[in-house]
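# Breakdown of the fold
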Amino acid sequence: MTKRTLTFLLACCLIYFTSTNAIGWGAGGHMMVASIAFKRLNPTAKANVKKLLAIPINPCAVTAKSPDFVNAAHWGDDVRPKLGFEFAPNLHFVDFPFSADGTPLPDLPEPHNIIMALEHYVEVLKTSIDTNEQAEALRYVIHFAGDIHQPLHCSTRVDSAHPKGDQGGNLFVIKIGTQSVKLHSYWDGGLDSFPKSGPPPSYTPPVLSKISPAVTIALQGHPDTDPDLKLDDPFNYKAWAKESEDLAQQAVYKDIAAGQTPTGAYKTRGLEVVRKRVAFGGYRLAALLNAIWPDAH
């Protein structure tokens, strides 16, 4: 571990105990993003990611379960509860607050967040000579490129009952059938449309054969020619976060109240949002890695 990375992680640990515990996209959503990206990597980038993903970084038992690019996408969540990764939870999101009732906004977002994390780990991939450090950085970049496209990873709703924010919808509970579900969890699962992980306590990620059909659906109507993608600007993480922040207010929190069941119109709008965000996340992750490792030919 380089001095630069150690300094970054120590700073993250200083605010660990004030962080929320949001998890972005379920394993299925993360794997969809990675599947889209991997097919678009140039030969040089593909060779580099394969080399780095073959390195058995700690915790080895966890890393061994995600040896390929698509499964590596959920590694960032797999290691969160492990000893030595106490610094990580706040790096999965950036809480831009908005007030639903005029309650004053808290001092958010925290300085160490997903935007800062992407900047750091991309720099590691570009400049580090430590392959173990690069291997960890790659796994985080794959994961965070997915997280930052989940709207509730870039916004938190403030009101009189939640003056410090609702932790990206984690304190906003809705009804799905007879169950009470966190709004954040509902969107993590693509409004119950993404391939599902197994039951607790293991939460086994979905098999690869279920990812491809889900990707096909997500890409429908969301081509890589969309000018909003701005693939020629692959390091603009702030813009990606701003898109997610806006969508949180325009779609996620719109036309639903705590305790309510989502209407058909809400779900139709939400499905379009999550599919487009997964598509954009995949396209942009590929553009990012291709820019780090441009093809020599």
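One can find the structure itself at the top, above this paragraph.
These figures come from a predicted structure and were not determined experimentally.

The helix and strand tally for the chain stands at 12 helices and 4 strands. Taken over the C-alpha trace, the chain has a radius of gyration of 18 Å; the compact-globule value for 297 residues is 19 Å, and the two agree within 12%. Taking all 297 residues of the chain together, the buried fraction comes to 53%. The long-range fraction of contacts in the chain, counting pairs at least 24 apart against all pairs at least 6 apart in sequence, stands at 74%. Carbon and sulfur atoms provide 58% of the accessible area of the chain, an area that totals close to 13100 Å². In the chain, the 28 positive side-chain charges and the 29 negative ones have mean positions that sit 5 Å from each other.

Aromatic rings in a pair are described by how distant their centres are and how their planes are angled relative to each other. What the rule picks out here adds up to 13 aromatic pairs. Here the aromatic rings of W187 and Y266 are separated by 6.2 Å at their centres, their planes lie at 90°, and the arrangement is edge-to-face. In this pair, W187 sits in helix α9 (residues 183–188) while Y266 sits in helix α12 (residues 264–292), placing the two residues 79 residues apart along the sequence. In this structure W187 comes out as buried when scored by relative accessible area, which is 0%. Ring-pair connections join several aromatic residues into one group, and the members of that group are W75, F85, F87, Y121, Y140 and F144. Above the face of the F38 ring, K46 is positioned so that its terminal group lies 4.6 Å from the ring centre. Its end group placed over the ring of F235, K126 keeps NZ or CZ at 4.1 Å from the ring centre.

As a further point, take the pattern of salt bridges. Side-chain pairs of opposite charge can arise whenever the charged atoms involved come near each other. Applying the stated criterion across every chain, the model contains 9 salt bridges. A salt bridge links D255 to R269, with the shortest nitrogen-to-oxygen separation between them at 3.4 Å. Here the residue D255 occupies a position in the loop between α11 (237–252) and α12, and R269 occupies one in helix α12, the gap between them amounting to 14 residues. When salt bridges with common partners are traced through the structure, they connect K242, E245 and D246 into a single cluster.

So, about helix α3 (residues 43–53). Buried residues of α3: A45, N48, V49, L52 and L53, and no others. Buried residues of α3, viewed axially, fall in a sector of 125°; they line one side. Opposite the packed face of α3, turned more than 90 degrees from it, sit the exposed residues P43 and K50. At its buried positions, α3 is contacted by α2 (27–38), α5 (69–72), α7 (114–127), α8 (131–147) and α12. Between the side-chain oxygen of the N-cap and the backbone nitrogen of T44 there are 2.9 Å, and the N-cap of α3 in question is N42.

Cut-offs used in this document
- Residues numbered from 1 in each chain as written.
- Predicted model: local features only at pLDDT ≥ 70, side-chain atom pairs only at ≥ 80, totals over all residues.
- Heavy atoms only, no water.
- Helix = DSSP H or I, 4+ residues; strand = E, 2+ residues; numbered from the N terminus.
- Rg over C-alpha atoms; globule rule 2.2 N^0.38 Å.
- Buried < 20%, exposed > 50% of the residue type's maximum accessible area, 1.4 Å probe, protein only.
- Contact = heavy atoms within 4.5 Å.
- Areas by Shrake-Rupley, 256 points an atom, 1.4 Å probe, with all protein chains shown as cover.
- Lys, Arg positive; Asp, Glu negative; His and termini not counted.
- Charge placed at Lys NZ, Arg CZ, Asp CG, Glu CD.
- Phe/Tyr/Trp six-rings, centres within 6.5 Å; stacked < 30°, edge-to-face > 60°.
- Lys NZ or Arg CZ within 6 Å of the ring centre and 35° of its normal.
- Salt bridge = Lys/Arg side-chain N within 4 Å of Asp/Glu carboxyl O.
- Arc of directions from axis to C-beta.
- Polar contact = N/O pair within 3.5 Å; in protein donor to acceptor, adjacent residues only side chain to side chain.

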